[in-house]
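# A structural walkthrough
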Amino acid sequence: MAAIYINGKILDKADAKTSVYDHGFLYGDGVFEGIRAYGGQIFRHREHINRLYESAKGVLLEIPMAPDAMIRAVEQTLAAHGKKDAYIRLVVTRGIGNLGLDPRKCESQIVIIVDDIQLYPAQLYDSGLEVITSSVIRNHPSALSPRIKSLNYLNNILAKIEAIRAGCLEAIMLNVNGEVAECTGDNIFVVKQGELKTPPPEAGILLGITRGAVLDLARGADIPAHEVTLTRHDIYTADEVFLTGTAAEIIPVVKVDSRTIGNGKPGPVTRHLRELFHKLVRETQSRPVQTPVAVG
C-alpha cells in the first residue's frame with residue numbers, strides 16, 4: 001500500500017487527491033525527484049533534496065518548506081509506508097490557481113509518494129537491453145535547461161513512445177548538435193579500452209544522482225572516467241554501454257539501433273561497477289535507521 005504526503009498530511013492512495021486547477025496538472029508547472037530507499041535508508045537523500053531546490057530555483061518556484069524539513073517529511077512518509085525498500089516520488093507544484101498562466105494566483109503544493117517501482121524486467125540486468133536512437137531531439141538548454149527536473153516530460157515521453165513502437169524499452173536522445181545527451185529516463189555510459197565515458201553537463205543532460213555515484217565508484221576503483229562529448233559512432237563502436245538511473249540503477253545495453261555492442265553481452269566493467277554499486281547500497285542499508293521527527 002502506498003503512502004502519500006500532501007501538504008502535511010499522510011494519506012492512503014485511494015484518499016490522495018488534489019485539485020484539477022493545480023498548475024502542475026494544467027501546465028506541467030513544477031519540479032520533482034525520484035529517490036530510492038534501501039533497508040529503510042534513503043539513498044543520497046541530501047543530494048536529491050539539493051537538486052530539487054536547485055530545479056525549483058531554476059523555474060522561480062518557491063518551496064514553502066526548508067530543506068531539512070523536507071528531508072524529515074520524506075522520512076516520515078517512508079516510515080508510514082512500512083516497507084524498507086521503496087521508490088519515492090517527491091513533487092512540488094506551482095499549486096492551485098485558476099485557468100490563467102499567472103503564477104501569482106497559486107500556492108505551492110508538496111506531494112510525496114512512497115510506493116514500489118520496477119522499471120525493467122529483472123532478467124535484462126543479466127542479458128542486457130536493446131535500445132534505439134530517437135528522432136526526438138533533447139530540449140535545447142536555451143529553452144529550459146535539462147538540468148531542471150521539471151514536471152514537463154513531454155520531450156522524453158515522445159522519445160519513449162518511439163522506443164516502445166520499435167519494440168524497445170529505452171531510447172537514446174541526441175542534442176541539437178547531434179551529440180549523445182541521455183536516454184528518456186537514464187544517463188548513458190560507454191566503455192572503450194577500459195575507460196569509462198559519459199556525456200558532460202553541456203551536452204544537455206540531467207546530472208543524475210546515480211550517474212554521480214558511478215563516476216565516484218569508478219574513480220575509487222582506478223577505472224579512468226571522463227565526461228566527454230559522445231556521438232553515435234562512439235556508442236556503436238563501444239566495448240560496453242550501460243545506463244544509470246535512480247529506478248534503473250545500472251543496466252547493461254547490448255544492442256543499439258540493431259547494432260551489437262561489443263560481444264553482445266554485458267561487459268566486465270559494467271558487471272564490476274554493478275557489484276560496487278550494490279556494495280554501496282548494502283552500506284547504505286547497514287546504517288542505523290533514524291526515527292523521523294514529525295513535521296510541524
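The structure under discussion appears in the preceding block.
This section reports on the structure supplied with the text. (Residues numbered from 1 in each chain as written. Predicted model: local features only at pLDDT ≥ 70, side-chain atom pairs only at ≥ 80, totals over all residues. Heavy atoms only, no water.)

### Topic: the overall build of the chain
Along the backbone of the chain there are 8 helices and 15 strands. Relative to the compact-globule value of 19 Å for 296 residues, the chain shows a C-alpha radius of gyration of 19 Å, a close match. Dimensions of the chain, computed from the C-alpha atoms along their principal axes, are close to 55 × 45 × 30 Å. Counting all 296 residues of the chain, 50% fall into the buried class. For the chain, restricting intrachain contacts to residue pairs at least 6 apart in sequence, the fraction spanning at least 24 positions comes to 70%. Element-wise, carbon and sulfur atoms account for 52% of the exposed surface of the chain, whose accessible area totals about 14200 Å². For the chain, the separation between the mean place of its 33 positive charges and that of its 34 negative charges on side chains is 1 Å. (Helix = DSSP H or I, 4+ residues; strand = E, 2+ residues; numbered from the N terminus. Rg over C-alpha atoms; globule rule 2.2 N^0.38 Å. Buried < 20%, exposed > 50% of the residue type's maximum accessible area, 1.4 Å probe, protein only. Contact = heavy atoms within 4.5 Å. Areas by Shrake-Rupley, 256 points an atom, 1.4 Å probe, with all protein chains shown as cover. Lys, Arg positive; Asp, Glu negative; His and termini not counted. Charge placed at Lys NZ, Arg CZ, Asp CG, Glu CD.)

### Examining a nonpolar patch on the surface
Residues Val-20, Tyr-21, Phe-25, Tyr-27, Ile-96, Leu-99 and Leu-101 make up a contiguous nonpolar surface patch of roughly 750 Å² in combined accessible area. Following the sequence through the fold, Tyr-27 ends up in helix H1 (residues 23-27). (Patch = residues over 30% accessible without salt bridge, like charges linked within 9 Å, V, L, I, M, F, W, Y side chains within 5 Å. Salt bridge = Lys/Arg side-chain N within 4 Å of Asp/Glu carboxyl O.)

### Regarding the side chain of Asn-156
Note on placement: Asn-156 falls in helix H5 (residues 154-165). By relative accessible area, which is 5% here, Asn-156 ends up buried. A distance of 2.9 Å separates the side chain of Asn-156 from the backbone oxygen of Thr-184, its partner in a polar contact. If we skip the residues at most four places from it in the chain, Asn-156 touches Arg-138, Met-173, Cys-183 and Thr-184. (Polar contact = N/O pair within 3.5 Å; in protein donor to acceptor, adjacent residues only side chain to side chain.)

### Side note on the environment of Lys-149
The residue Lys-149 is located in the loop between strand E7 (129-133) and H5 in this model. Counting along the chain gives 108 residues from Lys-149 to Gln-41, while the straight-line C-alpha distance between them is 23 Å. With residues near it in sequence (within four places) discarded, Lys-149 still touches Gly-30, Val-31, Phe-32, Glu-33, Gly-34, Arg-51, Ser-55 and Leu-206. Within polar-contact distance, the side chain of Lys-149 engages the side chain of Tyr-153 at 3.3 Å.

### Points about the packing of helix H6 (residues 209-220) against helix H8 (residues 268-286)
Following both chains from N to C, one finds H6 and H8 inclined at 110°, their axes separated by 10 Å at the closest point. Comparing the axis directions of H6 and H8 gives the class roughly perpendicular. In this structure, H6 uses Thr-210, Ala-213, Val-214, Leu-217 and Ala-218 to contact H8, whose residues at the interface are Leu-273, Leu-276, Phe-277 and Leu-280. Residues that form the contact of H6 with H8 fall into these classes: 8 nonpolar, 1 polar and no charged. (Axes fitted to C-alpha atoms, helices over the stretch in contact; angles between N-to-C directions. Parallel < 35°, antiparallel > 145°, perpendicular 65-115°, else oblique. Nonpolar A, V, L, I, M, F, W, Y, C, P; charged D, E, K, R; others polar.)

### Things to note about helix H2 (residues 45-58)
Taking 1.5 Å of rise per residue, 14 residues should cover 20 Å, and H2 covers 20 Å from first to last C-alpha, within 8% of that figure. Three or more residues of H2 are buried, namely His-45, His-48, Ile-49, Arg-51, Leu-52, Tyr-53, Ser-55 and Ala-56. As for H2, its buried residues are in contact with strand E3 (30-38), strand E4 (41-42), helix H3 (67-81), strand E5 (86-96) and H6. Immediately beyond the C-terminal end of H2, within one or two residues, lies Leu-60, with a positive phi of roughly 55°. (Expected span 1.5 Å × (residues − 1).)

### Remarks on the pattern of salt bridges
Between side chains of opposite charge, pairing is possible as soon as their charged atoms come close. With the rule as written, the count across this model stands at 10 salt bridges. With a shortest N-O distance of 3.5 Å, Arg-44 and Asp-216 are connected by a salt bridge. Placement of the pair is Arg-44 in the loop between E4 and H2 and Asp-216 in helix H6, with a sequence separation of 172 residues. Overall, the relative accessible area of 44% leaves Asp-216 in the partly exposed class. Of the charged contacts, one joins Glu-182 and Arg-138 as a salt bridge, the two residues approaching to 2.7 Å between their closest N and O atoms. Of this pair, Glu-182 sits in strand E9 (residues 180-183) while Arg-138 sits in the loop between E7 and H5, and the two are 44 residues apart along the sequence. Arg-138 matches Glu-182 in its accessibility class, with the two residues each being buried. One network of salt bridges, with partners in common, ties together Arg-44, Glu-47 and Asp-216.

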